[in-house]
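# Structure assessment
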Amino acid sequence: MNQNQLEQMKSKDGFIAALDQSGGSTPKALRLYGIEESSYNSEEEMFELVHEMRTRIIKSPAFNGEKILATILFKRTMNSKIDGVYTADYLWNELGIVPILKIDEGLAEEKDGVQLMKEMKSLDELLENAKERAIFGTKMRSVIKELNLEGIKAVVAQQFEYAKKIMAAGFVPIIEPEVDIHSEKKAEIEQALHDELKAQLEVLDSDARLMFKLTLPEKNDLYEDLYDFEQVVRIVVLSGGYSREESNARLKANHRLIASFSRALSEGLRADQTDEEFDTMLQASIDSIFDASVNKN
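Residues numbered from 1 in each chain as written. Predicted model: local features only at pLDDT ≥ 70, side-chain atom pairs only at ≥ 80, totals over all residues. Heavy atoms only, no water.

## Topic: the pairing of strand E5 (residues 98–102)
- Counting buried positions along E5 yields 5 of 5 residues, so the element is predominantly enclosed.
- Residues Val 98, Ile 100 and Lys 102 of E5 are buried on one face, and the alternating residues Pro 99 and Leu 101, pointing to the opposite face, are buried as well.
- Relative to E5, strand E2 (residues 68–73) runs parallel, the two being bridged by 4 bridges. Looking across to E5, one finds that Leu 73 is bridged to Leu 101.
- Where E5 and strand E7 (residues 137–144) come together, 3 bridges link them in parallel fashion. Within E7, the residue paired with Ile 100 across the bridge is Gly 137. (Buried < 20%, exposed > 50% of the residue type's maximum accessible area, 1.4 Å probe, protein only. Helix = DSSP H or I, 4+ residues; strand = E, 2+ residues; numbered from the N terminus. Pairing = 2+ DSSP bridges.)

What follows is the structure, encoded as structure tokens:
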């Protein structure tokens, strides 16, 4: 584990840029960027286009370590290069941004009101690859849709089970049990999730280090007390379908939480924009998300 990166993740002002769209979410990300599915004929071409989009974001003058702490990458991005350098090395050595890898293999079918992660059959191999590519941490996502205590317990138990394996391999995992923002009992689900996360932290080894990525809660500061546990490096939040404006407003009302936005970060960016238009739009997005992450009401 890189101690300079750990210290940055613990204490520096800023937010995490999520550039980790994978197979299922890539077509939507490209459509929002102005590239329709008719523009490519294969998965290979699709991933080349999304790498070009991510490279354009990363190489923009607006994208740097002044306001961005870390970036979450997809496996293919990790193993691709920017200016002849592997992406993680470029991020840290050129920009001062910590590289994090999305490792889950997607969601299982819904059961008990939740979607667990599919079994990670290639986890050991992927973590070895991540070590070779100088990755600091990992991120894995589950989804909670209903107020079902057994389902919520199952999500958290699975996340912590994988997190322990990841920590043993020398990485700092991000646990992401997303709560569907359209859930009718969203506030109650979040309280149950909070209680289950806290219960797991209470029995976690004191030398463990992990992060949480959580849906912006209905009750402000709901998750702040998780910082009472020394194992928690940082708590970040996802936009989860809220617009950037609403995400920022909700984030400002939650002390000590910072953003880890994907769609809300790239909102408004288009393939046909000039570099000046693109950079100006991205700078405005970064500035607003940074402000919401560090300037609280």
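Continuing now.
## Regarding the pairing of strand E8 (residues 172–179)
- The element E8 is extensively covered by neighbouring structure, given that 8 of its 8 residues are classed as buried.
- Residues Val 172, Ile 174, Glu 176 and Glu 178 of E8 are buried on one face, and the alternating residues Pro 173, Ile 175, Pro 177 and Val 179, pointing to the opposite face, are buried as well.
- Bridging between E7 and E8 involves 8 bridges; their strand directions are parallel. Bridge pairing in E8 links Ile 144 to Val 179.
- One crossover worth recording links E7 to the parallel E8 by way of helix H7 (residues 149–168), and it is right-handed.
- Summarising the sheet, E8 and strand E9 (residues 210–215) pair through 2 bridges and their orientation is parallel. Of the residues in E9, the one forming a bridge with Ile 175 is Phe 212.
- Handedness of the E8-helix H8 (residues 186–202)-E9 crossover: right-handed. (Right-handed = clockwise from strand over helix to strand, strands pointing away.)

## Brief notes about the packing of aromatic side chains
- Per the stated rule, a full pass over the model turns up 2 aromatic pairs.
- Taking the ring centre of Tyr 86 as reference, the NZ or CZ of Arg 133 above it sits at 3.8 Å. (Phe/Tyr/Trp six-rings, centres within 6.5 Å; stacked < 30°, edge-to-face > 60°. Lys NZ or Arg CZ within 6 Å of the ring centre and 35° of its normal.)

## What about the pattern of salt bridges?
- According to the stated counting rule, one finds 19 salt bridges in the structure shown.
- In this structure, Lys 145 engages Glu 110 in a salt bridge whose closest nitrogen and oxygen atoms are separated by 3.8 Å. Placement of the pair is Lys 145 in the loop between E7 and H7 and Glu 110 in the loop between E5 and strand E6 (114–115), with a sequence separation of 35 residues.
- On the basis of relative accessibility, which here comes to 29%, the residue Lys 145 falls in the partly exposed class.
- For Glu 110, a relative accessible area of 39% puts it in the partly exposed group.
- A salt bridge links Lys 252 to Asp 291; the shortest N-O distance between them is 2.8 Å. You can see Lys 252 sitting in helix H9 (residues 244–252) and its partner Asp 291 sitting in helix H11 (residues 275–294), a full 39 residues away along the chain.
- Here the salt bridges share partners, and the residues they tie into one network are Lys 186, Glu 190, Glu 218, Glu 246 and Arg 250. (Salt bridge = Lys/Arg side-chain N within 4 Å of Asp/Glu carboxyl O.)

## What about the environment of Leu 30?
- Along the chain, the position of Leu 30 falls in helix H2 (residues 26–32).
- The spacing of Leu 30 and Asp 180 is 150 residues in sequence and 23 Å in space, taken between C-alpha atoms.
- When sequence neighbours within four positions are dropped, the list of residues in contact with Leu 30 reads Ile 35, Tyr 40, Met 46, Leu 49 and Val 50. (Contact = heavy atoms within 4.5 Å.)

## Overview of H7
- The end-to-end C-alpha distance of H7, which contains 20 residues, comes to 29 Å, matching closely the 28 Å that a straight helix rising 1.5 Å per residue would cover.
- Residues of H7 that are buried sit in contact with E6, helix H6 (123–132), E7, E8, H8 and E9.
- Between the side-chain oxygen of the N-cap and the backbone nitrogen of Glu 150 there are 3.1 Å, and the N-cap of H7 in question is Asn 148.
- Looking one or two residues past H7, Gly 170 carries a phi angle of roughly 100 degrees, positive in sign. (Expected span 1.5 Å × (residues − 1). Polar contact = N/O pair within 3.5 Å; in protein donor to acceptor, adjacent residues only side chain to side chain.)

## Here we look at the nonpolar core
- Among the nonpolar cores identified, the biggest contains 83 residues, and Phe 63 and Phe 212 are the most heavily contacted of them.
- The element contributing the most residues to this core is H7, with 8 residues.
- For Phe 63, the residues in contact, after removing those within four places along its chain, are Ala 17, Leu 19, Ile 57, Ile 58, Ile 68, Thr 71, Leu 91, Leu 95, Ile 97, Leu 282 and Ile 286.
- Core analysis: the second largest hydrophobic core is formed by 16 residues, Ile 16, Ile 72, Ile 100 and Met 211 among them. (Core = buried A, V, L, I, M, F, W, Y, C linked by side-chain atoms within 4.5 Å.)

## Comments concerning the packing of H7 against H8
- For the pair H7 and H8, interaxial distance at closest approach is 10 Å and the crossing angle is 40 degrees. It follows that H7 is oblique to H8 by the angle criterion. Taken as a pair, H7 and H8 cross one another with a handedness that is right-handed. Together, Leu 149, Ile 152, Lys 153, Val 156, Ala 157 and Phe 160 of H7 and Ile 189, Ala 192, Leu 193, Glu 196, Leu 197, Gln 200 and Leu 201 of H8 make up the contact between the two elements. (Axes fitted to C-alpha atoms, helices over the stretch in contact; angles between N-to-C directions. Parallel < 35°, antiparallel > 145°, perpendicular 65-115°, else oblique. Left-handed = near helix turned anticlockwise from the far one by under 90°.)

## Side note on unusual backbone geometry
- The backbone phi angle of Ala 134 is positive, close to 65 degrees, even though this residue is not glycine.
- Of the residues examined, Ala 134 reaches a relative accessible area of 35% and is grouped as partly exposed.
- One non-glycine residue, Asp 221, lies in the positive phi region at around 65 degrees.
- Tracing the sequence through the fold places Asp 221 in the loop between E9 and strand E10 (232–238).

Nothing here speaks to function; it is all geometry.
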